[in-house]
Structure formats: C-alpha cells, structure tokens
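# A structural walkthrough
Single-letter residue listing:
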Amino acid sequence: MRKKNLIGLLPSDIYSWLEEEGEPSFRARQIFQWIYEKKADSFFDMTNLPVALREKLDSAFSLGSSQIKEIQKSKDGTVKFLIHFPPQDNVEAVLIPHRDRRTLCLSTQVGCPAGCTFCATGLAGFRRNLTYQEIVEEIWVIEKETGMTANNLVFMGMGEPLLNYENVHRALQVINSPEGFRKGARRMTVSTVGIPDKIVKLGRDWPEVNLAWSMHAPRDELRNLLIPLNKVYPLEQVLRAIKEYLAVTHRRVTIEYTLWNEINDSKEDAQEVAKLLKKLLIHVNLIPGNLVPSSAFSPPSPRRVKAFASVLEENGIQVTIRKPRGQDIQAACGELYRIYG
Ligand code: SF4
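Residues numbered from 1 in each chain as written. Predicted model: local features only at pLDDT ≥ 70, side-chain atom pairs only at ≥ 80, totals over all residues. Heavy atoms only, no water.

A separate point is the site of the ligand. The immediate surroundings of the ligand are formed by Cys112, Ala114, Gly115, Cys116, Cys119, Gly122, Gly157, Gly159 and Val193. Broken down by class, the residue content of the shell around the ligand amounts to 5 nonpolar, 4 polar and no charged. (Near = heavy atom within 4 Å. Nonpolar A, V, L, I, M, F, W, Y, C, P; charged D, E, K, R; others polar.)

So, about the packing of aromatic side chains. The final tally for this structure, using the stated rule, is 6 aromatic pairs. Note on Tyr15 and Phe32: the rings are 6.0 Å apart at their centroids and 65° apart in plane angle, and the pair reads as edge-to-face. Pair noted here: Tyr15 is in helix α1 (residues 11–20) and Phe32 is in helix α2 (residues 26–37), with a separation of 17 residues, a long-range link. Exposure remark for Phe32: the relative accessible area of 4% places this residue in the buried category. An aromatic cluster of at least three residues, connected via ring pairs, comprises Phe118, Trp260 and Phe297. Sitting over the ring of Trp34, Lys38 keeps its end group 4.0 Å from the ring centre. (Phe/Tyr/Trp six-rings, centres within 6.5 Å; stacked < 30°, edge-to-face > 60°. Helix = DSSP H or I, 4+ residues; strand = E, 2+ residues; numbered from the N terminus. Buried < 20%, exposed > 50% of the residue type's maximum accessible area, 1.4 Å probe, protein only. Lys NZ or Arg CZ within 6 Å of the ring centre and 35° of its normal.)

Here the focus is the packing of helix α5 (residues 132–146) against helix α6 (residues 165–176). With their axes 8 Å apart at the nearest point, α5 and α6 run at an angle of 45° to one another. In this view, α5 runs oblique relative to α6, as classed from their interaxial angle. In this structure, α5 meets α6 at a crossing whose hand is right-handed. Across the interface between the two elements, Tyr132, Ile135, Val136 and Ile139 from α5 touch Asn167, Val168, Arg170, Ala171, Val174 and Ile175 from α6. Among the residues forming the contact of α5 with α6, the class breakdown is 8 nonpolar, 1 polar and 1 charged. (Axes fitted to C-alpha atoms, helices over the stretch in contact; angles between N-to-C directions. Parallel < 35°, antiparallel > 145°, perpendicular 65-115°, else oblique. Left-handed = near helix turned anticlockwise from the far one by under 90°. Contact = heavy atoms within 4.5 Å.)

The description of two helices packed together rests on the angle between their axes and the distance between the axes. For the pair α6 and helix α7 (residues 196–205), interaxial distance at closest approach is 12 Å and the crossing angle is 20°. By the angle between their directions, the pair α6 and α7 is classed as roughly parallel. Here α6 runs over α7; the crossing is right-handed. Within the contact between the two elements, α6 uses Tyr165, Glu166, His169 and Leu172 and α7 uses Lys198, Lys201, Leu202 and Asp205. The residue inventory of the contact of α6 with α7, partitioned by class, reads 3 nonpolar, 1 polar and 4 charged.

Below is the structure:
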C-alpha cells in the first residue's frame, strides 16, 4: 500500500484517521507538535506516543515527499531553494531575511500558465498545480533545513496562486491552523496578476490575508503585451474586483508595478496609473524590472524610476521603490524558472 504524506494534511483528516484507528483525539496535538514544531525525521522519534501508535503511523504515512536539491546563497543574505517533488517536478522558493523578518516566497504551481512576457517562470511554460500539501511542504522542508522559522509568507514565487485557488485555500487552512503551522493570516500575502472572481472570493474566505495585485500597466493594450492573461481578464474587470475586495476586507491592497525601460515607465503612464488608483486604499510597490534571458525588456534607469514615483506621490499615492534581493543567484522577482526535475 502506498503511504500517504502526513505533512500538510488537513488537521480534520488526521483527527478522522485517529478515530478510525480507535485512538484518542488528544494524540493529534502531540502529532502536530512533532511535525510542525519539532520537525521530526521519523515517527519513532515521537517519544510521547505509544509504540503501537508510532508503528501504525509509520505503516500508514510518510513524513514529507520532497527533497531540497540545491541551495544558493546570495551576498545580500537571500537564499534560494530548488525543491524536487518526485517523480519529475521542481519548484524554487526563496528565503529573504531582513532584520527581524524572515520572509518566505512560495511557489504555487510548477511553471505558470499566465505566461507574462517579462518573467522566466512564465516563459518556461506550465506543468501542473502544486497540491496543498506540497505548498505546505515548501515551508516545512525549508524550516527543517535552515532551523529558521518564517514569520512572513508571500505567495509570489512560481505560478499564479489564484489559478490554483482550491489548493492555495487548503494550504492557507493548514498554515494558519492552531494545529498546523500556526502562522498568522496577517503575515501572509497572496499575489495575483488579476483573476477577478477569485480576488473577491479570497477577500471573503480570507479577509485577513493580504492581497498584492501585479498591475504593471494602466491600459489594456500595454498590459496585454506584458501579461497575456489580461486578454481574458481586462483591466476594468480586475479593478472592479479590487474595489469589491476592498469593500469586503477594508484592508490596504499592495499594487505591484514592475517598470520596464520605455515600455511602461513614462510620466504619462504614471499619470494614468494615478488616475485609476486615486482614492483607493492601496500602496504602490515599484519594482525596477530584472533582466531575464529571452525576455525583450530591460530595466529603467534609477532616474526614470524616481520620476515615475514622484508623479504618483504628487497625486497623493503612497509609493515604495523595492530594493532587489537575490539578483546574483537569480532569486529576484520574475527570475525563477527551473521546473524540470
Ligand atoms: S509574473 Fe507571476 S503570474 Fe506572471 S508568469 Fe510569472 S509567475 Fe506567472
């Protein structure tokens, strides 16, 4: 019989299994502690469980399904992990330590169907959705490897999270559960290029989880060039969904805007962005684009970035210019691509 992976399993499934086995439910809490706090290597290390239960667990479950194949460290402290899910898929995840913050950037799909033309993941193609257990396991395997506890999670790695909504939703349940990873919803951010109905659904299901919207252009014709999925979900529809999300959650939305030299970085573009976003509860994160092989775009000069930011600020919009992290190990935005195992 093939063993089921215990990492990332919904707590309710573990309770049901214990009940079927005639075991008391309080054992679940002990098991969760061994998995998520102590990151046990084996069921036989779970010394406060009766030996008979350890044996039953060992014959029914495995502890994890993945393997870290490679670790790259940047000179700025960023660490990139190549995680292999047998038989043949890889994803990359990135740990970004900054002062007391340990941010983990997670992948949700092997590759990405959104196909953004500036992004190495999009250009690499799409293989499959990660399961919710695999999404949770990215955190588990990295925390186990490094001994660090991530206190900020961003779903901004490979994939479009809202095109894998059910698995992301279940992963959030396990990550947020007092019986799972116990990570606060307010310390998690889901990033999307804009799937309107799922933006609204996320707001209803997870009003405390943060939303980041990758806008990247203020009009459809330009956005279609950068994000082909915009042809399916045009700007107006996404903006309507953002407004609905804001009405439900009353939580500030981060607008991600990646700047490309003489593509979407003019002062006129900035004026158009300001017009669309004025009066909304948002914060704009400007990201100078990263050079990606086989992409036609190049980063703008710092002067152009500053000029773009000034126009937004003059229009009363809060702006941050994001400092790139992990560029020397291809761990920055849009640079993750190794999907073949
Ligand atoms: S930018 Fe995000 S949504 Fe677009 S292709 Fe890359 S991973 Fe997918």
